[in-house]
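# Structural overview
Residues per chain are reported as follows:
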Amino acid sequence: MYRTHTCGELTIKNCNSEVILCGWVARTRDLGGMTFVDLRDRYGITQLVFNIDINPDLCTQARKLGREFVIQATGKVTERSNKNPNMLTGDIEIIVDNLHVLNTSDVPPFTIEDETDGGEELRMKYRYLDLRRPIMLNRILVRAQMIKAVREYLDANNFIEIETPNLIKSTPEGARDFLVPSRLQKGMFYALPQSPQILKQLLMVAGMDRYYQIVKCFRDEDFRGDRQPEFSQIDCEMSFVRQEDVWHMFEGMVKYVFKKVKNIELPDFIRLPYLDAMKYYGTDKPDLRFDCKITELNDAGKGSSFTVFENVIQSNGLIAGINAKGCSEYSRKQIDELTEFVKAPHRGAGGLIYVRFAKDGTIKSSVDKLFTQEQLTQIGKLFYAETGDLLLIVADKINKTRKVLGDLRLEIARRQGWIDKNAWGIFWVVDMPLFEADEETGTPVFAHHPFCSPHADDLQYMDTDPLKVRAQSYDLVMNGNEILSGSIRVHNKQLQEKIFSILGFSEEEKEKRFGFMVNAFKYGAPPHGGCAFGLDRWVMLMTGGETIRDAIAFPKNNSGRDLMMDAPAEVDNEQLKMVGIRLSE
Ligand code: ASP
């Protein structure tokens, strides 16, 4: 028998029993005649003791153990005189009478502890060592618990887990496809799924009624923000449902997972219309763990002699701001930092106007010369400003003003410590748009994917003003992150074809890319809808990770590289030739 117990289970109840433990040497300490070894495995840490007076040879052997050696220790469980209440096994130690080195280890390139000295890239290169750190192990365990709870809930609600293929034809989600060349049909390519969207819809046509899958998706995107080229979704689809049914089902699932994994009872989720999210928070995934809404000022700005405001109003822009409560005494330097923040290239605001409602009762602003005290007081009223507040105002194109203020609101919350780390801000964003204008050409492109059903009330605008059409689509936002998106789908062949046309697909393209799907809709497609959760991001939030990489066992770095395997890598010419690819010189 390799071991009788794990390193996480022995307590005072086991005193005097003879045990065998296996694990990794986390730490050794020599205290005069005694040598202590912390032995670690997945389940915890147990202290081993070697006494030079009792067994000098064994003690010498123990002193030679290096960090991360794999050992087997036999000995007697004994009550500790110096107990450690922070450890599950802190009441006992093992007086070792036999020691076996099962494997040695080179000195690890960073310390295998929660507070490690290894930078992220190094930890990713040696991910198998990184995963030995309790903080990382815990994330992997929570991830598994969450998946288990998800399966329990969905199984109990009659969902069937069905695998869909990875070598397929493109399913568009707005990113580029990863392509796989076919060896047997040279010049032909499979696409890896950006999501199983079309396949799960076809499963509804097949009558499966309720489907789910915990599935890898692949999106070849430029590395903006916290993304991974391959990531996991909890992908779900239901037949004969309206939006309400989908919301009810998956709100229930989120609550179930929170209860099971964190023992937290979540309140019901509010539903925030997309347009309100944009207007009041400047983003479709606001962090609602703190208040602070955007206030629009175009009316108040009318008739001022301030040319910036005049120009913005005339060019249909937006003047708006936020009330940074309690920040009136921000220094010149702090205000300058905030100005730099809004002017950063990816935000691109021209500048930041402030109005201080100072503690001494005065109102001072960066545009004093252009506004009377009376006007500033009036503006303050719109923000419900009180003594001690600081108004921060931006005037620019609508989208830019909103985005900048959405970011600024978060920045102030961070600086002021407004975000309660133990709070959960979870809610639905509903009535998302069906199309959005392409940034360059202004023509409609799909906002989510081309299979979302339009809102019945907005069908009238499909031909005349498609950008005004709301979709029956929704997101679930958690602490400022989108963790789910979904929609009721189009199940009518004509409507689906019409949407493809608005998106500018030619008849030939429609047939080539989606012919099989539209064809399936001829054979009794039921009304259906669903959603997909971004599992990695959800795990990240549940485990206090900072990036989704923290929630993935073997992630890629920010430039899409697997640092451990060193992928992507070159392949030899023979292999390329076999799949019909010739690299040009
Ligand atoms: N396929 C969608 C996505 O990946 C989710 C859905 O609409 O169900 O975002």
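It should be noted that the structure appears before, not after, this text.
Described in the following lines is the structure provided in the data block. (Residues numbered from 1 in each chain as written. Predicted model: local features only at pLDDT ≥ 70, side-chain atom pairs only at ≥ 80, totals over all residues. Heavy atoms only, no water.)

### Looking at the pairing of strand 5 (residues 92-103)
As a reminder, the rule being used: Two strands form a pair only when DSSP identifies at least two bridges running between them. Secondary structure elements follow DSSP: runs of H or I no shorter than four residues count as helices, runs of E no shorter than two count as strands, and numbering proceeds from the N terminus.
Both strand 3 (residues 44-51) and strand 5 contribute to a ladder of two bridges, which runs parallel. Across the sheet, residue Val49 finds its bridge partner in strand 5, namely Ile95. Relative to strand 5, strand 4 (residues 70-79) runs antiparallel, the two being bridged by ten bridges. What sits directly across from Thr78, in strand 5, is Glu93.

### Here's the deal with the side chain of Asp407
Selection criterion: Pairs of N or O atoms are called polar contacts if they sit within 3.5 Å, as long as, within protein, a hydrogen donor faces a hydrogen acceptor (for residues adjacent in sequence, only side-chain-to-side-chain pairs). Contacts are assigned to residue pairs that have any heavy atoms within 4.5 Å of one another.
Here Asp407 is to be found in helix 12 (residues 398-416). Side chain to side chain, Asp407 and Arg347 meet in a polar contact 2.8 Å long. Excluding anything up to four places from it in sequence, Asp407 contacts Phe341 and Arg347.

### Considerations on the site of the ligand
This is how it is decided: Nearness is judged by heavy atoms alone; a residue qualifies as near a molecule or strand once a single heavy atom is within 4 Å of it. Amino acid classes used here: Ala, Val, Leu, Ile, Met, Phe, Trp, Tyr, Cys and Pro are nonpolar; Asp, Glu, Lys and Arg are charged; the rest, including Gly, are polar.
Not every one of the 13 residues close to the ligand is listed here, only the nearest: Glu173, Gln197, Lys200, Gln233 and Arg489. The contact in question runs from a nitrogen atom of the ligand to an N or O atom on the side chain of Glu173, over 2.6 Å. One nitrogen or oxygen atom from the side chain of Ser195 is found 3.3 Å from a nitrogen atom belonging to the ligand. Of all the secondary-structure elements, those providing two or more residues to the shell around the ligand are helix 5 (197-205), strand 21 (481-488) and strand 22 (528-534). Classifying every residue of the shell around the ligand gives two nonpolar, seven polar and four charged.

### Observations concerning the sheet that holds strand 4
Condition: Under this scheme, a helix contributes an axis fitted over its contacting stretch, all axes are lines through C-alpha atoms, and angles between N-to-C directions fall in the 0 to 180 degree range.
One closed barrel accounts for five strands, arranged 1-2-3-5-4; its pairing is mixed. Each adjacent strand pair in this sheet contributes to an overall mean axis angle of 55°, direction not counted. As paired strands, strand 1 (residues 18-31) and strand 4 are joined by seven bridges and run antiparallel to one another. In the sheet register, Trp24 faces strand 4, and the bridge partner there is Val70. In the packing of helix 1 (residues 56-63) onto the sheet, the strands contacted are strand 1, strand 2 (34-41), strand 3 and strand 5, and the crossing angle to strand 5 comes to about 65°.

### A word on the environment of Pro56
Condition: Type-normalised accessible area, obtained with a 1.4 Å probe on protein chains alone, sets the label of each residue: buried when under 20%, exposed when over 50%, and partly exposed for intermediate values.
Looking at the secondary structure, you find Pro56 in helix 1. Judged by its relative accessible area of 40%, Pro56 falls in the partly exposed class.

### Structural notes on the sheet that holds strand 9 (residues 210-218)
Pairing is mixed across the open sheet formed by eight strands, whose spatial order is 6-9-10-22-21-20-17-11. A single partner strand is all that each edge strand has here, and the edge strands are strand 6 (160-161) and strand 11 (270-273). Pairing analysis gives five bridges linking strand 21 to strand 22, with the strands arranged antiparallel. Paired with Ser487 across the two strands is Gly530, which belongs to strand 22. Sitting on the sheet, helix 6 (residues 243-262) is in contact with strand 9, strand 10 (230-239), strand 11, strand 17 (426-430), strand 20 (473-478), strand 21 and strand 22, with an inclination near 20° to strand 20.

### A few points about unusual backbone geometry
Here Ala567 and Pro568 are connected by a cis peptide whose omega angle stands at 0°. Relative to the helices and strands, Pro568 resides in the loop between helix 15 (535-542) and helix 16 (573-578). You will see that Cys292, though not glycine, has its phi angle at about 85°, which is positive. Despite not being glycine, Asp566 shows a phi value in the positive range, around 65°.

### Quick notes on helix 14 (residues 507-520)
Given 3.6 residues per turn, any residue in an α-helix points the same way as the ones three and four places further on. We count it as follows: What a helix should span is 1.5 Å times the count of its residues minus one. Two axes enter the bend calculation: one fitted to the seven residues ending at the residue in question, the other to the seven starting there, and the bend is the angle between them.
Taking 1.5 Å as the rise per residue, helix 14 with 14 residues should run 20 Å; its terminal C-alpha atoms sit only 17 Å apart, a clear shortfall. Maximum bend of helix 14: about 85°, positioned at Phe514. For helix 14, the complete set of buried residues consists of Lys510, Phe514, Gly515, Met517, Val518 and Ala520. For helix 14, the elements touching its buried residues are helix 5 and helix 13 (493-502).

### Looking at the packing of aromatic side chains
Heads up, the rule is: Only Phe, Tyr and Trp rings take part, Trp by its six-membered ring, and two of them pair if their centres are within 6.5 Å. Stacked means planes under 30 degrees apart, edge-to-face means over 60, and tilted covers everything else. Charge over a ring is defined by NZ of Lys or CZ of Arg lying within 6 Å of the ring centre and within 35 degrees of the ring normal.
For the structure on display, the rule yields 16 aromatic pairs. Between Tyr153 and Tyr256, the ring centres sit 5.7 Å apart and the planes meet at 45°, which makes this aromatic pair tilted. In this pair, Tyr153 sits in helix 4 (residues 134-156) while Tyr256 sits in helix 6, placing the two residues 103 residues apart along the sequence. A residue is classified by how much of its surface remains accessible, and Tyr256, at 27% relative accessible area, is partly exposed. Measuring from centroid to centroid gives 6.0 Å for Phe290 and Trp418, while their planes differ by 40°, and the two rings are tilted. Residue Phe290 is located in the loop between helix 7 (274-281) and strand 12 (295-296), and its partner Trp418 is located in the loop between helix 12 and strand 17; the two are separated by 128 residues in the primary sequence. Classification of Phe290 by relative accessible area gives buried; the value is 7%. Judged by relative accessible area, Trp418 falls into the partly exposed class, the value being 24%. Just above the ring of Phe269 sits the side chain of Lys255; from NZ or CZ to the centre is 5.7 Å. Here the basic side chain of Arg347 rests over the ring of Phe341, its NZ or CZ set 3.7 Å away from the ring centre.

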